[in-house]
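# Close look at the chain arrangement
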Amino acid sequence: MANDAVLTTDITDKSSSLVPPDPRRWLALAVIAVAQLMVVLDGTIVNIALPSAQRALDISTVDRQWIVTAYTLTFGGLLLLGGRVADYFGRKRAFLIGLLGFAGASALGGAAVNAETLFAARALQGLFGALLAPAALSLITVTFTEPKERAKAFGVFGGISGGGAAIGLLAGGVLTEYADWRWCLLVNIPIAILAFAAAVPLVRESRATGDTRYDIPGAVLATAGQVALVYGFTKAATDGWSSGVTIAWLTSAVVLLAAFLFWEARTAHPLLPLRVLFDRDRGASYLVSVLLGAGMLGMFLFMTFYLQQTMGWSALKSGVAYMPFSGGIIAAAVIASRLLPRTGPKVLMSVGGVLATASMVWLTRLDLDSSYAVSILPAFIGMSLGMGLVFVPMSSLALAGIADHDAGVASAMVNTTQQVGGSLGTALLNTIFTTAVAGYITDHATEAGSPLTQAHAAIHGYNVAFIASAVLMAVATAVVILMVRNNAGDRPPSGAEAAPAHFG
């Protein structure tokens, strides 16, 4: 479950102010909102379907995280490039290609007969999602040129993003329970086809002018470095942290990511201008985004398996169990939006970080017969409120004092860092879980074959993973306290407005 801020691109079309408002702009918004709903649904629906997909395709515990990370890696790694491609290739054209590509990738995933096919399909979904998401938001920006109407449009878009996450949880439970886990992917096909058919006559084409060169080497280096890092974490679960294979992959990741920074500092058309990172508050917001994305997405992975495999709940009941989380994060986002002008980002982010960390620590108390009302629900509510208090000011902080020409990439980086954090966190925490389970079974070798011992080993693994998640969130909170300045919110962006919050 992705919990992130939707990017916004820097729209600088000089002709936009000369073009009369599109008379069909609200119908176009409905089409764009449907496409956004599809992307949001995909994250939460698939989250509920994970245990069923793992069983059906005989995916190992070590490799199951690729169902999540194959998507988040390509989506996060290519999002900045996708936004630039959409701006210069044509936003409507990119939107339409993204829809068809996402539908095709979903069809491939729904028909998967083995783990490799499913992983490849999820990676393709991420690739086309990285084209679709920035194109959709860019289209809203150029379609609604009047500030009040644009604010309403962003409100609709943000509402779809927040509400869609909750719908996805319920839909994932219903489809997995009464149809098949494959429909959690196949459901994207009719949605994409309908959106495509409606977008062709309703959505206007637009594109930015100027230099159209793309930083392909930067995108390749960044994505390859992230893949190498995730694969290194995965190999650590099977071969150990000190094995030559693990060290080789982790070393490759460091080299590739260092090469990415080296390239970005020297190319004339960087995918990520390093000046965007060097602002103290903005850099802190991105680091917090990575750490919280890692901790939260890892938590969702293990809670889904705990609910369905340890507690024996159905997919539908598991989806309903997440509803308080979705409601809490939306409510906290509304509260944070109203308090932010008065308190500034540091206070809200600090309180939210402490609340989220404490809630994660609360989950480390889970055992075989834990009560949902006592052991899980309070943690869900506390964490959702904490995350909502962090994400809204974090998005604002990322755009504080930013120049016009960097506003798009600065906002996009909030989404990108959260996806990257989720990828790395899911892989790392899954490795920690696997290692903890193996260690527990080794320590109880005489009873290793007992189902009860296996169950206790899984509980031990969950608790260790939750401790690691709590550490990640605690570090994120420390970054806020130590790095974010009290007056950080007093520097309004000079360019594009902040993107609406997206919680998935």
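Below or above, wherever it landed, is the structure these notes cover. Just so it is clear, the model here is predicted, and its values are computed rather than measured.

The subject of this paragraph is the side chain of S359. Its location among the elements puts S359 in helix α13 (residues 345-363). Within polar-contact distance, the side chain of S359 engages the backbone oxygen of L355 at 2.8 Å. Among residues more than four places away in sequence, those in contact with S359 are A379, G382 and M383.

Of note, D58 is a non-glycine position whose phi angle comes to about 55°, a positive value. If you trace the backbone, D58 turns up in the loop between α1 (25-56) and α2 (66-89).

Our next topic: the packing of α2 against helix α8 (residues 216-239). Orientation of α2 relative to α8, taken along the N-to-C sense of each, is 160°, at an axis distance of 9 Å. In terms of orientation, α2 and α8 fall into the roughly antiparallel class. Helix-helix and strand crossings are classified by hand; for α2 and α8 the assignment is right-handed. On the side of α2, the interface is formed by W66, T69, L73, G77, L78 and L81, while α8 contributes I216, A219, T223, Q226, V227, V230, Y231 and T234.

In this section: the nonpolar core. One finds F95, M299 and M303 to be the most contacted residues of the largest nonpolar core, which totals 139 residues. For this core, the element with the most residues is helix α10 (residues 280-310), which contributes 15 residues. Of all hydrophobic cores here, the second largest spans six residues; its members include A333, L348, L389 and V392.

Looking now at the environment of I247. Its location among the elements puts I247 in helix α9 (residues 244-266). Expressed as a C-alpha distance, the spacing of I247 and G232, which sit 15 residues apart in the sequence, is 7.3 Å. Once you skip the residues sitting within four places of it in the chain, I247 turns out to touch W241 and S242.

This part covers the environment of L186. For L186, the position within the fold is in helix α6 (residues 183-186). Each C-alpha atom, one on L186 and one on G109, is 7.8 Å from the other, the two residues being 77 residues apart in sequence. The contact partners of L186, leaving out residues within four places of it in the chain, are S106, A107 and G110.

A few words on helix α7 (residues 188-202). The end-to-end C-alpha distance of α7, which contains 15 residues, comes to 21 Å, matching closely the 21 Å that a straight helix rising 1.5 Å per residue would cover. Those residues of α7 lying buried are N188, A192, A195, A199 and L202. Buried positions in α7, seen along its axis, are confined to an arc of 110° and lie on one side of it. Projecting away from the buried face of α7 at angles above 90 degrees are the exposed residues L194 and A197. At its buried positions, α7 is contacted by α1, α3 (91-110), α4 (115-143) and α6.

Attention shifts here to the pattern of salt bridges. For the structure on display, the rule yields four salt bridges. The shortest N-O distance in the salt bridge between R25 and E149 comes to 2.8 Å. Here E149 lies in helix α5 (residues 147-178) and R25 lies in helix α1, a separation of 124 residues in the sequence. Across the salt bridge formed by R485 and D281, the nearest N and O atoms sit 2.7 Å from each other. One end of the pair, R485, is in the loop between α16 (451-483) and β2 (501-503); the other, D281, is in helix α10, and 204 residues separate them in sequence. According to the relative accessible area criterion, D281 is buried, its value standing at 0%.

Further remarks concern the packing of aromatic side chains. One pass over the full model with this rule turns up 14 aromatic pairs. Centre to centre, the rings of Y231 and W249 are 4.6 Å apart; their planes meet at 65°, and the pair counts as edge-to-face. Residue Y231 is found in helix α8, and its partner W249 is found in helix α9; the two are separated by 18 residues along the sequence. Judged by relative accessible area, W249 falls into the partly exposed class, the value being 34%. Counting every residue linked through ring pairs, the aromatic cluster contains F300, Y322, F325 and F380.

As a further point, take a nonpolar patch on the surface. The grouping of L287, I481, L482 and M483 at the surface amounts to a nonpolar patch, some 360 Å² of accessible area in total. Residue contributions to the nonpolar patch peak at three residues, all from α16. Relative to the helices and strands, M483 is located in helix α16.

Rules and cut-offs
Residues numbered from 1 in each chain as written. Predicted model: local features only at pLDDT ≥ 70, side-chain atom pairs only at ≥ 80, totals over all residues. Heavy atoms only, no water. Helix = DSSP H or I, 4+ residues; strand = E, 2+ residues; numbered from the N terminus. Polar contact = N/O pair within 3.5 Å; in protein donor to acceptor, adjacent residues only side chain to side chain. Contact = heavy atoms within 4.5 Å. Axes fitted to C-alpha atoms, helices over the stretch in contact; angles between N-to-C directions. Parallel < 35°, antiparallel > 145°, perpendicular 65-115°, else oblique. Left-handed = near helix turned anticlockwise from the far one by under 90°. Core = buried A, V, L, I, M, F, W, Y, C linked by side-chain atoms within 4.5 Å. Buried < 20%, exposed > 50% of the residue type's maximum accessible area, 1.4 Å probe, protein only. Expected span 1.5 Å × (residues − 1). Arc of directions from axis to C-beta. Salt bridge = Lys/Arg side-chain N within 4 Å of Asp/Glu carboxyl O. Phe/Tyr/Trp six-rings, centres within 6.5 Å; stacked < 30°, edge-to-face > 60°. Patch = residues over 30% accessible without salt bridge, like charges linked within 9 Å, V, L, I, M, F, W, Y side chains within 5 Å. Areas by Shrake-Rupley, 256 points an atom, 1.4 Å probe, with all protein chains shown as cover.

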